[in-house]
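What follows is the residue order along each chain.
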Amino acid sequence: MTSGLAVSARLADRDFEVRLDIPAGEVLAVLGPNGAGKSTLLDVVAGLVIPDEGQVRLGERVLTDVAKGIAVAPHRRAVSLLAQEALLFPHLSVAANVAFGPRSRGVRGRAATALAREWLRAVDAEEFADRSPRSLSGGQAQRVALARALAVHPRVLLLDEPMAALDVTAAPAMRALLRRVLREPPSGSADDGNGESVATARDIAAHPVTLPDARPSATILVTHDIIDAVTLADRVMVIEAGRVIESGSVAAVLARPRSRFAARIAGVNLIMGAAVSGGSAGLGAVTDGTVEVFGRSEGKWTAAGRAAAVFSPVAVAVHLEHPEGSPRNVFRVRVAELEDRGGLVRVRGVDGPGAAAGLAADLTPAAVAQLGVVPGMEVYFAVKATEVEVYPY
């Protein structure tokens, strides 16, 4: 498959150096902590920031080439950005907002209006066409903003946490809409014709409309929500401190993360270090220099190579005293916080250096009350080797 979008960029003042290649039609989810460089990546692709070194290529078209002095203006890149806030023009109607892009590219009045209506219908917002943006809810405004972003037929769509500012009812509907636009082929079916707004994810799935055939060649989705990555993306890339630290299919990154950030997003505990030789068949160990973590291993196990251990918070037992007996992996942890996890309480350790940093255990509320666990106290986390997977990387 030919490349849809290729980016190579270095910015010295931001300590940013990233390379990526997105095949045509792919949706790439970009994860990372605040300040990692996710927004810088979007700015480089959009042409809002010119790197010190590097290139941005869209198919055969060069958008940025620092060495050759090429820097295509943002409005000529065929790149659309959908951010957390809809940022609709308050002085224009909804239809005029969506028609603005096509009109600015030379599409005449009636044709631009017809195209705007087509995209408003595609995102279940046609009934808002004559309304002011000020009269819309957050979810409604974001659907209009998506229509506006797609109405210019972008080759690249940049999504900067588009669900972050939405409430718990609007976010699933917006996610379902994005999946339909980005991941599913046009249904060819007609609108339900009742003139009502489709407001929920269930309704959007049940009442599909024909989507204009103008899907992006490449999409970059910046998000903090793993549900966005699971439902919308083909591949995940994790950025920390201006560098790509891991990438791969969504399933692979979630099952075998290689960074603490990815592990926390995936809801698992991760300990990274070096592989330790020895142990019985099917058993390996990872050490960070202070502790050894034993677990199940598959395939080749090379001593001293980089390795990781991963296990679920549900598999962790919490003790007030150092446990004796069967648990092979025991960590002394200072409790940082307790989190409600919908019927369970996540006991999370203080983050920082060391193997036990940021580890988590899931307990019932009754167990937390019985143990008297509170932030600041020291406890022991124990997990059996059979509940741990160790793997080289």
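Preceding block: the structure.
Given the structure is predicted, the values throughout are model-derived calculations rather than measurements.

Novice: Pulling in residues and values, what's your account of the overall build of the protein?
Specialist: Per the secondary structure count, the protein includes ten helices and 21 strands. Within the protein, the fraction of its 393 residues that count as buried is 47%. A separation threshold of at least 6 residues defines the contact pool for the protein, and within that pool the share at least 24 residues apart is 66%. Of the accessible surface of the protein, which amounts to about 18,200 Å², a share of 51% is contributed by carbon and sulfur atoms.

Novice: So what about the environment of Ala170? Which residues, and what values?
Specialist: Considering the arrangement of structural elements, one finds Ala170 in helix H5 (residues 170-182). Considered as a pair, Ala170 and Gln140 are 30 residues apart in the sequence and their alpha carbons are 8.2 Å apart.

Novice: Run through the environment of Gly54, naming residues and quoting values.
Specialist: Counting through the fold element by element, Gly54 comes out in strand S4 (residues 53-58). Taking C-alpha positions, Gly54 is 7.5 Å from Thr64, a pair spaced ten residues apart along the chain. Among residues more than four places away in sequence, those in contact with Gly54 are Ser8, Ala9, Thr64, Asp65 and Val66.

Novice: Now, about H5: what can you tell me, with residues and values included?
Specialist: Its 13 residues place the ends of H5 18 Å apart at the C-alpha level, agreeing with the 18 Å of an ideal helix rising 1.5 Å per residue. Every buried residue of H5 is accounted for by Ala170, Ala171, Ala173, Met174, Arg175, Leu177, Leu178, Arg180, Val181 and Leu182.

Novice: Can you explain the sheet that holds strand S17 (residues 329-340)? Please cite residues and give values.
Specialist: Read across the open sheet, the five strands follow the order S16-S20-S17-S18-S19; overall the sheet is antiparallel. Strands at the two margins of the open sheet, each flanked by one partner only, are strand S16 (317-319) and strand S19 (360-363). Each strand of the sheet is rotated relative to its neighbour by a mean of 45°, with strand direction disregarded. Two elements, S16 and strand S20 (residues 378-383), share three bridges in a ladder whose sense is antiparallel.

Novice: Residue-level account of the nonpolar core, with values.
Specialist: Within the largest apolar cluster, 52 residues are counted, with the highest numbers of intra-cluster contacts made by Leu120 and Leu146. Formed by 29 residues, the second largest nonpolar core is a distinct cluster that contains Val18, Val30, Leu42 and Met237.

Novice: Give me unusual backbone geometry: which residues, what numbers.
Specialist: With a phi close to 50°, Asp15 is a non-glycine residue in the positive phi region. Structurally, the position occupied by Asp15 is in the loop between strand S1 (3-11) and strand S2 (16-23). A positive phi is found at His153, a non-glycine position, where the angle reads about 55°. Examined against the element boundaries, His153 turns out to sit in the loop between helix H4 (138-150) and strand S8 (156-160).

Novice: A description of the pattern of salt bridges should follow, citing residues and the corresponding values.
Specialist: Counted according to the given criterion, the structure contains 17 salt bridges. Arg121 is paired through a salt bridge with Glu126; the nearest N and O atoms lie 3.4 Å apart. Looking at Arg121, the relative accessible area reads 34%, which means it is partly exposed. On the accessibility criterion, Glu126 (30% relative accessible area) is partly exposed. With a shortest N-O distance of 3.6 Å, Glu339 and Arg341 are connected by a salt bridge.

Cut-off values and rules
- Residues numbered from 1 in each chain as written.
- Predicted model: local features only at pLDDT ≥ 70, side-chain atom pairs only at ≥ 80, totals over all residues.
- Heavy atoms only, no water.
- Helix = DSSP H or I, 4+ residues; strand = E, 2+ residues; numbered from the N terminus.
- Buried < 20%, exposed > 50% of the residue type's maximum accessible area, 1.4 Å probe, protein only.
- Contact = heavy atoms within 4.5 Å.
- Areas by Shrake-Rupley, 256 points an atom, 1.4 Å probe, with all protein chains shown as cover.
- Expected span 1.5 Å × (residues − 1).
- Pairing = 2+ DSSP bridges.
- Axes fitted to C-alpha atoms, helices over the stretch in contact; angles between N-to-C directions.
- Core = buried A, V, L, I, M, F, W, Y, C linked by side-chain atoms within 4.5 Å.
- Salt bridge = Lys/Arg side-chain N within 4 Å of Asp/Glu carboxyl O.

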